[in-house]
Amino acid sequence: MDSRSELADFLRTRRSRLTPDQAGLPEDGRTRRVPGLRRDEAARLAGVSTEYYTRLEQGRAGNPSPEVLEALGRALRLDASEKEHLQNLLARPKAAARRTPTGPQRVRPGLHLMLQTLQHVPAYVLGRRTDVLASNRLARAVLTDFDALPVPARNLARYYLLDPTARQTVGDWERIAAETVAILRLEAGRRPHDRQLADLVGELMLRSPEFTTWWNDHRVLRCTHGAKLHHHPVVGDLHFVFESFQVPGDAEQTLYVYNVEPGSPTEQSLRLLESWSTPALTTDRPATLPSA
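Every chain is numbered independently, its residues counted from 1 as its sequence is written. Given that the model is predicted, a residue must reach a pLDDT of at least 70 before its local features are reported, and side-chain atom pairs must reach 80 or more before they are shown or counted; all residues, however, enter totals for whole chains, interfaces and linings. Note that the side-chain values use all heavy atoms of the structure and ignore hydrogens as well as water.

When its secondary structure is counted, the protein chain shows 15 helices and seven strands. Counting the 292 residues in the protein chain, one finds 48% classified as buried. What makes two residues a contact is simply this: any of their non-hydrogen atoms within 4.5 Å. For the protein chain, long-range pairs separated by at least 24 residues make up 60% of all intrachain contacts whose partners lie at least 6 apart in sequence. Here the open area of atoms and residues is found with the Shrake-Rupley method and a 1.4 Å probe, where only the protein chains shown may cover a residue. When the accessible surface of the protein chain is totalled, it reaches about 14,600 Å², and 54% of it is carbon and sulfur. Labels follow the DSSP assignment, with helices taken as runs of H or I lasting at least four residues and strands as runs of E lasting at least two, numbered in each case from the N terminus. A simple rule labels every residue: compare its accessible area, found with a 1.4 Å probe on the protein chains alone, to the largest value its type can have, and call it buried under 20%, exposed over 50%, or partly exposed in between.

The subject of this paragraph is the nonpolar core. As used here, the term nonpolar core means buried Ala, Val, Leu, Ile, Met, Phe, Trp, Tyr and Cys residues forming a set that is joined through side-chain atoms within 4.5 Å. Counting residues in hydrophobic clusters, the biggest one holds 54 residues, and the most contacted among them are L143 and L156. With eight residues, helix α12 (residues 173–190) is the largest single contributor of residues to this core. When near neighbours in sequence (up to four residues on either side) are disregarded, L143 contacts Y124, L156, Y159, Y160, H230 and Y258. If you look at the next biggest cluster of nonpolar residues, it comprises 20 residues, including A42, Y52, A71 and L89.

Take Y53: it is sitting in helix α4 (residues 50–57). Overall, the relative accessible area of 0% leaves Y53 in the buried class. Considering only alpha carbons, one finds Y53 and E41, twelve residues apart in sequence, at a separation of 10.0 Å. Those residues in contact with Y53 that sit more than four places away from it in its chain are L11, R15, R39, A42, A43, V48, L72 and L76.

Pairing between strands requires that DSSP locate at least two bridges from one strand to the other. The five strands lie next to each other as β3-β2-β6-β5-β4, forming an open sheet whose pairing is antiparallel. Only two strands of the sheet have a single neighbouring strand rather than two, namely β3 (132–135) and β4 (225–232). Pairs of neighbouring strands in the sheet enclose a mean axial angle of 30 degrees, with direction left out of account. One ladder, built from three bridges, connects strand β2 (residues 123–126) with β3; its direction is antiparallel. Only C-alpha atoms enter the line fits that serve as axes; for helices the fit covers just the stretch in contact. Angles between N-to-C directions range over 0 to 180 degrees.

Note on definitions: salt bridges are taken to be side-chain nitrogens of Lys or Arg within 4 Å of carboxyl oxygens of Asp or Glu. Per the stated rule, a full pass over the model turns up 29 salt bridges. A salt bridge links E274 to R137; the shortest N-O distance between them is 3.6 Å. Remark: R137 occurs in helix α9 (residues 137–142) and E274 occurs in helix α15 (residues 265–276); sequence separation between them is 137 residues. Using a relative accessible area of 15% as the deciding quantity, one classes E274 as buried. Judged by relative accessible area, which is 18%, R137 ranks as buried. Of the charged contacts, one joins E252 and R191 as a salt bridge, the two residues approaching to 3.0 Å between their closest N and O atoms. With E252 in the loop between β5 (236–246) and β6 (254–259) and R191 in the loop between α12 and α13 (195–207), the pair connects residues that are 61 residues apart, well separated along the chain. The exposure class assigned to R191 is buried, which follows from its relative accessible area of 14%. Here the salt bridges do not stand alone but share partners, grouping E84, R128, R129, D131, E187, R190, R191, D194, R222 and E252 into one network.

Structure follows, in structure tokens:
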């Protein structure tokens, strides 16, 4: 992934979504040939010269100061995920760091035990590239049985975008799938030399009709909480409020827990689903991804 073109496209797409009126700029009467702000307007809002901003978009401005990054964030109305992504794109990893391999991701025994303890709600652990490293019985019953898949295929983005059943069972599928692409975009900025991530993106571009459009939007997202709806063929609609937690001691693993309202129809449905779970879903089996 070319960091210069990634940076240029990201800043351009952020500029294009802002109108002069939204940015508090008066119309100057000039004909606009591009949507949103022009480079000189973005530069003015950030308090830098147009020449410097142009060099920044072209990846020729070196390492901007924290003050410049903060000014750019204010000028382009970047949220926390977008500011993080901008910093990632502006970073200059050393060649040695690019070649340094990372080991396979393993979920420690205590975390597997926690997943088993959370037996009344779906829960799972995501690693790099939205790989599903471990999941409990209800997560496999509500989403899909990741443990029944080949280890390289245990990936949440592949499930949402390539599994045909996901379109029917995941409520508001388009929003959830687009958000997952935005999560991958943030990951790509953080790990620009991840060969397996690049392979995953290439596969999704070839096999998912919607992926390329969402990927080219350059939207980024760190998903920490939210609401999800699943249409289960046995127990019907399931409403969840999920929370995610970075695993202590491993910044590249995230625990997702799908909470339910006590006494709600969803809680009752999950109890029924527990009793309907097949033997293949009743044991929480460790998962280790062999890939770096």
